[in-house]
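# Remarks on the overall topology
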Amino acid sequence: MTTIRGSAAAVTGAASGIGRALALELAARGCDLALADRDEAGLQAVAADIAKAGQRKVSVHRVDVSEPHQIAAFAEAAGAAHPALNIVINNAGVALLGQFDEIDQAQMEWLFNINFWGVVHGTRAFLPQLARQREAHIVNISSIFGILAPPGQSAYCAAKFAVRGFSESVRHELAVANSPVRLSVVHPGGIATNIARNSRTGVGVTDNARRAESIERFDALARTAPAAAAQRIIAGIESNEPRILIGKDARIMDLLQRFLPATYWKVMQRQMEKTAARRLARDAAAK
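Treat the numbers as computed from the prediction; the structure is a model and nothing was measured. (Residues numbered from 1 in each chain as written. Predicted model: local features only at pLDDT ≥ 70, side-chain atom pairs only at ≥ 80, totals over all residues. Heavy atoms only, no water.)

## Let's talk about the pattern of salt bridges
Under the convention used in this document: Throughout this description, the term salt bridge denotes a Lys or Arg side-chain nitrogen within 4 Å of a carboxyl oxygen of Asp or Glu. The buried label goes to any residue with under 20% of its type's maximum accessible area, the exposed label to any with over 50%, and the partly exposed label to all in between, with areas taken from a 1.4 Å probe on protein chains only.
Taken as a whole, this structure holds 14 salt bridges when the rule is applied. Measuring nitrogen to oxygen at the nearest pair gives 2.8 Å for the salt bridge that ties Arg232 to Glu241. For Arg232, a relative accessible area of 27% translates into the label partly exposed. Taking relative accessible area as the criterion, Glu241 reaches 23% and is therefore assigned partly exposed. Salt bridges here are not isolated pairs; linked through shared partners, they connect Arg20, Asp49 and Lys52.

## Digging into the side chain of Ser167
What counts, and what does not: Labels follow the DSSP assignment, with helices taken as runs of H or I lasting at least four residues and strands as runs of E lasting at least two, numbered in each case from the N terminus. Here, two residues are considered to be in contact whenever any of their heavy atoms come within 4.5 Å of each other.
Residue placement: Ser167 occurs in helix α6 (residues 154–176). Relative accessible area serves as the criterion here: at 0%, Ser167 is assigned to the buried category. Setting aside residues no more than four positions away along its own chain, Ser167 makes contact with Asn140, Leu183 and Val185.

## Concerning a nonpolar patch on the surface
How we decide: Patch rule: a residue counts if its relative accessible area is over 30% and it has no salt bridge; like charges are joined within 9 Å, and nonpolar side chains (Val, Leu, Ile, Met, Phe, Trp, Tyr) within 5 Å. Computed by Shrake-Rupley with a 1.4 Å probe, the accessible areas treat only the displayed protein chains as cover when residues are assessed.
Among the surface-exposed residues, Leu255, Phe259, Leu260 and Val267 lie close enough to one another that they form a single nonpolar patch of about 370 Å² accessible area. Mapping Phe259 onto the fold places it in helix α9 (residues 248–259).

## A word on the pairing of strand β2 (residues 32–37)
Side chains on a regular strand alternate between the two faces of the sheet. What counts is decided by this rule: Strand pairing is assigned whenever DSSP identifies at least 2 bridges connecting the two strands. Viewed with both strands pointing away, a crossover whose connecting path from the first strand over the helix to the second turns clockwise is right-handed.
Counted residue by residue, β2 has six buried out of six residues, so it is predominantly covered. Neither face of β2 is open: one carries Asp32, Ala34 and Ala36, the other Leu33, Leu35 and Asp37, and all of them are buried. Strand direction decides the pairing type here: strand β1 (residues 8–12) and β2, joined by five bridges, are parallel. Its bridge partner being in β2, Ala8 is matched across the sheet by Asp32. Sheet topology note: the β2/strand β3 (residues 58–62) ladder contains five bridges and is parallel. Directly across from Leu35, in β3, lies its bridge partner Val60. In terms of handedness, the path from β2 via helix α2 (residues 40–53) over to β3 forms a crossover that is right-handed.

What follows is the structure, encoded as structure tokens:
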């Protein structure tokens, strides 16, 4: 197992969402941190919150994970600040709203450079120093949309399926080589973050109401708190779980895909519409 207390972890996308929750939870469990994000103010806020809670060593690094040289520099700086660094969590990610014919190639490459290549470059940059530790762990964040693929998510699903395939292959390579490095791939369901609100819109999407509806539907379905997601990921690290599903919704959709690999969307669509309608009505009544 990979012990959290006394470890040091590098976390990308640490200024908000799951990344922020991971930083806070890891620190609370006795882990030092190298935190990376493009949002410098957000990083400083997370570091300040950790400082209030305890005496963990925290370094902050402005990093755009779509730029390989910045990831390489982050790995070098994080290793210098934390010589015992033995956990890397490739968490940074973005979303893109639109059907395949509504997004252009530049937008698809923008998403891939962050959601897929950011994971690949992060794994490559940190792996040599992790391999020198007695025990080490890489966590790559995919999605439940790395297991099944709804319409309107062609770019996101392609990248998250790629993260899953890349991670599983590398995990097998590490095991065959008897490496001290373990690797987990994470498939969150609906997590209550701002990823939908911060998403970009395809160049062919001209209906602003559709964006608002998409955000509203996401908010209705995304009921797992980032803190709960962080706790589940950390439990997976501690027990060396190769595959970590987060949320009841993710577990159900994973089973649905197994039983109906070619026709799951019809069932999933009906259930999502019912669930969203019930929760929107409940939220409206509560107001």
